[in-house]
Amino acid sequence: MTEDKQSLNFIEEIIKEDLETGKHEKIVTRFPPHPNGYLHIGHAKAICVSFGLADKYKGITNLRFDDTNPVKESVEYIESIRKDVKWLGFDWENEFFASDYFDQLYKWAIKLIKERKAYVDDSSAEQIALEKGTPTKPGIESKFRNRSVEENLDLFERMKNGEFLDGERVLRAKIDMASPNMHFRDPLMYRIKNVTHHRTGDKWKIYPMYDWAHGQSDSIENVTHSLCSLEFEVHRPLYNWYIEQLNIYPSRQIEFARLNLNYTIMSKRKLISLVEEGHVSGWDDPRMPTISGLRRRGYTPASIRMFCDRVGLAKRNNVIDVALLEYCVREDLNKSAYRRMAVLDPVKLVITNYPERKTELLTGENNPENSEDGDREIPFSREIYVEREDFKEEPQNKKYFRLAPGKNVRLKHAYIVHCEGFKKDEVTGEVTEIHCTYYPDSKSGSDTSGVKAKGTLHWVDANSNAEIEVRQYDRLFKTEQPDVGEEHFTEHLNENSLTVIPAAKAEIALANADDKQGYQFLRLGYFSLDKDSTTDKKVFNGTVGLRDSWGKKNN
RNA sequence: UGUCCGGUGGUGUAAUGGUAACACAUGGGUUUUUGGUACCUUUGUUGAGGGUUCGAGUCCUUCCCGGACAACCA
């Protein structure tokens, strides 16, 4: 009974049909990053789409670096891209570079020149822009448009050989200056850049433009479905035009809506400026929407893949609620994170009827969702720390279950305590110590006391613990769409996006925390070990808080 | 006053001429030694008009709204 036909998205429909009709035996997709920045969550969607579809339909995916503009590219970016794609859990069939095809592209350009479909233009960038017209006004033809084939060939070769300065000449396709599609108004194919390329060195002084390189690269690789974002929709006729003129393998470009997330930005240019202007500590700042930032924040590959799967695939512009991303990481981490206790804002609690010099080792499971993860030991003694927030002198709310004079609470994995009183600093009004008695027969797992406690608190032993630094993050921007509107996007930055807690108390087991393991600090949220940790002091990044159905209603 | 692409709850995505559904978010509840998890549950949706049809979110048409396109970027 596999009657449940799961609905396919529009690209899956196309692929399915192409496979069924025999148009393709096997699909080939590609992920073509421009190595001029770090990958972000928007790229993650593109990666999941191209790699994911190839996986689903038993095809292959190439990783192709679109390195046609050496001015903006760097090896650092190439390496980060490889790392991020792998980390997300994908593997490419081939690794290519657009620069692998520079020779072929050059030959094809000569072919077009000979067929009078391309020409060298000596006009300045300004002149060309001027003659291009506007979307509503046709352009006019360049005075260099009708040079002889011989002159074009000669000039083009000399362009290649470096006889001219940057910007002095370009090669253009000869199409239609009056076309309603701006990209048909004699698009540039090559421009001169006297710079060293990270892979081809000084071999080339001319570099192909995106439109002239991309479709041909797809075609050379026999890419069947070239999936890209909506903004390239207007490029598709040109993509097809080049392929038709060259009479080469007809790759098909299909566009889908890119991912947008609220409370953040996705523009590479703007992300670069956040890094360069020091608004964040780097590309991998845990507040960044970059893959490396999310990784450092404690997001798992599975959670990001789940997210990309759930946002869907369509052609309409969208803004995804970041709450969905947070949901996905909680969903994943809940199953795998080790539970630990840490107190971020400690206040001392003294159990007055507990023996002074005694320490017990209690047992707590690493993960209640998976008993195979085993247990860890937790020291417990007369003095412990609890969260300042978990004590109230005079609770107002009838449903308050935590510590207050006269109330019982369960200490997780330990005993039920009864609050007898507290000390406070008369000057500041700050509670300095909470006094409790415990019920000796209420020990976790063997409770025979019959005492009831509605609330359960996390705590840390005062004698034996690890001091840790905790970095808590909030959204980087205060507004849902920081790059929409009049103001500069940096004006929407949330100045409270980072809170450092230099000396939190953690249970001793966290002294041996592992950066490959996610942690849940009980009742607080998920945390992961940061690379800034030293052997003396561990640093933890707050990945995401626990869902909190109490805090929201009660401020 | 151009061309192209879109418009379904708050946010996304489905419904492929036949009862508008799913997830997140939101509100309520059950269970609980995490106010977590799990489970149950509430609210709320086809941009507007006209047409075709027994029947329209879906097809046709007019309009409205949103986005993309005028880098020697990709």
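Values in this document were obtained by computation on a predicted structure and should not be read as measured data.

Novice: Break down the overall build of chain A for me, citing the residues and quoting the values.
Specialist: Within chain A, the secondary structure is distributed over 12 helices and 25 strands. Over its C-alpha atoms chain A spans a radius of gyration of 31 Å, topping by over 25% the 24 Å that the globule rule assigns to 555 residues. Over its C-alpha atoms, taken along the principal directions, chain A stretches across nearly 100 × 65 × 40 Å. The burial tally for chain A puts 52% of its 555 residues in the buried class. Of the contacts made within chain A by residues no fewer than 6 positions apart, 71% connect residues no fewer than 24 positions apart. Accessible surface computed for chain A: about 26500 Å², of which carbon and sulfur atoms make up 46%.

Novice: A description of the sheet that holds strand 7 (residues 206-208) should follow, citing residues and the corresponding values.
Specialist: Pairing in this open sheet of four strands is antiparallel, and the strands run 4-5-6-7 from one edge to the other. Across the chains shown, the open sheet's two edge strands, defined by having one partner strand only, are strand 4 (118-121) and strand 7. Strand after strand, the sheet turns through a mean of 20 degrees between neighbouring axes, direction not considered. Two elements, strand 6 (residues 188-192) and strand 7, share three bridges in a ladder whose sense is antiparallel. Pairing of Tyr 190 across the sheet is with Pro 208, part of strand 7. Along the sheet, helix 6 (residues 149-160) contacts strand 4, strand 5 (170-173), strand 6 and strand 7; its crossing angle with strand 4, the most-contacted strand, is approximately 65 degrees.

Novice: Just give me the short version of the pairing of strand 5, but keep the residues and values in it.
Specialist: Covered by surrounding structure in strand 5 are Val 170 and Arg 172 together with Leu 171 and Ala 173, the residues of both alternating faces. Pairing between strand 4 and strand 5: four bridges, direction antiparallel. Each bridged residue has a counterpart across the sheet, and for Tyr 119 the counterpart in strand 5 is Arg 172. Strand direction decides the pairing type here: strand 5 and strand 6, joined by three bridges, are antiparallel. Residue pairing in the sheet places Arg 172 in a bridge with Leu 188 of strand 6.

Novice: Describe the packing of helix 4 (residues 102-114) against helix 7 (residues 210-220), listing the residues and the values that go with them.
Specialist: The N-to-C vectors of helix 4 and helix 7 enclose an angle of 110 degrees; their axes lie 11 Å apart at closest approach. The pairing of helix 4 with helix 7 is recorded here as roughly perpendicular in orientation. In the packing of helix 4 onto helix 7, the handedness of the crossing is right-handed. Residue-level inspection shows Gln 104, Leu 105, Trp 108, Ala 109 and Leu 112 of helix 4 in contact with helix 7, the latter providing Trp 212, Ala 213, Gln 216 and Ile 220.

Novice: An account of helix 1 (residues 10-20) is requested, with residue identities and associated values reported.
Specialist: Ile 11, Glu 12, Ile 14, Ile 15 and Asp 18 are the residues of helix 1 that are buried. Looking down the long axis of helix 1, one finds its buried residues gathered within 160 degrees of arc, a one-sided arrangement. Those residues of helix 1 that are buried are in contact with helix 2 (41-56), strand 8 (225-229) and strand 9 (252-256). Trailing helix 1 by a residue or two, Gly 22 shows a phi angle of about 85 degrees, which is positive.

Novice: Break down the nonpolar core for me, with residues and values.
Specialist: Ile 41, Val 85 and Phe 307 are the most contacted members of the largest nonpolar core, which totals 48 residues. Where this core is concerned, the elements lending two or more residues are helix 1, helix 2, strand 2 (60-65), helix 3 (75-88), strand 9, helix 10 (291-297), helix 11 (301-310) and helix 12 (322-336). The leading source of residues in this core is helix 2, at eight residues. Counting the residues that make up this core, at least three belong to each of domain 1 (3-256) and domain 2 (268-338 + 468-554). Other than its neighbours up to four places away in sequence, Val 85 contacts Phe 31, Leu 39, Ile 47, Phe 51, Phe 90 and Trp 92. By size, the runner-up hydrophobic cluster in this structure holds 33 residues, among which are Leu 105, Leu 112, Trp 241 and Leu 246.

Novice: So, the domain arrangement of chain A: which residues are in play, and what are the values?
Specialist: By a widespread convention, an interface's size corresponds to the accessible area lost as its parts come together. Its domain assignment divides chain A into domain 1 (3-256), domain 2 (268-338 + 468-554) and domain 3 (346-458). For domain 1 and domain 3, the distance between their C-alpha centroids amounts to 64 Å.

Novice: Give me the sheet that holds strand 20 (residues 459-461): which residues, what numbers.
Specialist: Read from one edge of the open sheet, seven strands run 19-16-17-18-12-15-20, paired in mixed fashion. Both edges of this open sheet fall to strand 19 (455-457) and strand 20, since each of them pairs with a single strand only. Strand-to-strand, the axes of this sheet are offset by a mean angle of 40 degrees, without reference to chain direction. Two strands pair when backbone bridges link them, and strand 16 (residues 408-411) and strand 17 (residues 416-424) are joined in this way by three bridges, in the antiparallel orientation. In the strand pairing of strand 17, Arg 410 is matched with Ile 416.

Novice: Which residues make up the pattern of salt bridges, and what are the values?
Specialist: Opposite charge on two side chains allows them to pair when their charged atoms are near. Summed over the entire model, instances satisfying the criterion amount to 45 salt bridges. A salt bridge links Lys 16 to Glu 20, with the nearest nitrogen and oxygen atoms 3.9 Å apart. Here Lys 16 and its partner Glu 20 are both found in helix 1, four residues apart, which amounts to about one turn of the helix. Using a relative accessible area of 35% as the deciding quantity, one classes Lys 16 as partly exposed.

Novice: Would you mind going over the protein's contact with RNA strand B in detail, with residue names and values included?
Specialist: Near RNA strand B, the surroundings consist of 70 residues, among which Glu 13, Arg 339, Ser 444, Gln 520 and Arg 523 are the closest. Counting only atoms of RNA strand B within 4 Å of the protein, the fraction found in sugar and phosphate groups is 62%. Taking Phe 401, its main chain carries an N or O atom lying 3.0 Å from a base oxygen of RNA strand B. The side chain of Ser 549 places a nitrogen or oxygen atom 2.9 Å from a phosphate oxygen of RNA strand B. At the level of secondary structure, the elements contributing two or more residues to the surface near RNA strand B comprise strand 6 and helix 12. Class assignment for the residues of the surface near RNA strand B results in 26 nonpolar, 22 polar and 22 charged.

Novice: Lay out the state of the cysteines in plain terms, naming residues and giving numbers.
Specialist: Within the structure shown, the criterion is met by zero disulfides. Among the cysteines around Cys 228, which has no disulfide bond, Cys 48 carries the closest sulfur, lying 17 Å off. Residue Cys 228 is classed as buried on the basis of its relative accessible area, which comes to 10%. Sulfur of Cys 328: no disulfide; nearest cysteine sulfur belongs to Cys 308 and is 8.8 Å away.

Novice: Could you give an account of the packing of helix 11 against helix 12, with specific residues and numbers?
Specialist: At a closest axis distance of 8 Å, the pairing of helix 11 and helix 12 adopts a crossing angle of 135 degrees. On the basis of the axis angle, helix 11 is oblique to helix 12. In this structure, helix 11 crosses over helix 12, and the sense of that crossing is right-handed. In this structure, helix 11 contributes Ala 302, Ser 303, Met 306, Phe 307 and Arg 310 to the contact, and helix 12 contributes Leu 324, Leu 325, Tyr 327, Cys 328, Val 329, Glu 331 and Asp 332. Across the contact of helix 11 with helix 12, the residue classes tally to eight nonpolar, one polar and three charged.

What counts, and at which threshold
- Residues numbered from 1 in each chain as written.
- Chains lettered and ligands numbered in written order.
- Predicted model: local features only at pLDDT ≥ 70, side-chain atom pairs only at ≥ 80, totals over all residues.
- Heavy atoms only, no water.
- Helix = DSSP H or I, 4+ residues; strand = E, 2+ residues; numbered from the N terminus.
- Rg over C-alpha atoms; globule rule 2.2 N^0.38 Å.
- Buried < 20%, exposed > 50% of the residue type's maximum accessible area, 1.4 Å probe, protein only.
- Contact = heavy atoms within 4.5 Å.
- Areas by Shrake-Rupley, 256 points an atom, 1.4 Å probe, with all protein chains shown as cover.
- Pairing = 2+ DSSP bridges.
- Axes fitted to C-alpha atoms, helices over the stretch in contact; angles between N-to-C directions.
- Parallel < 35°, antiparallel > 145°, perpendicular 65-115°, else oblique.
- Left-handed = near helix turned anticlockwise from the far one by under 90°.
- Arc of directions from axis to C-beta.
- Core = buried A, V, L, I, M, F, W, Y, C linked by side-chain atoms within 4.5 Å.
- Domains from an automatic or database assignment.
- Salt bridge = Lys/Arg side-chain N within 4 Å of Asp/Glu carboxyl O.
- Near = heavy atom within 4 Å.
- Polar contact = N/O pair within 3.5 Å; in protein donor to acceptor, adjacent residues only side chain to side chain.
- Nonpolar A, V, L, I, M, F, W, Y, C, P; charged D, E, K, R; others polar.
- Disulfide = S-S within 2.5 Å.

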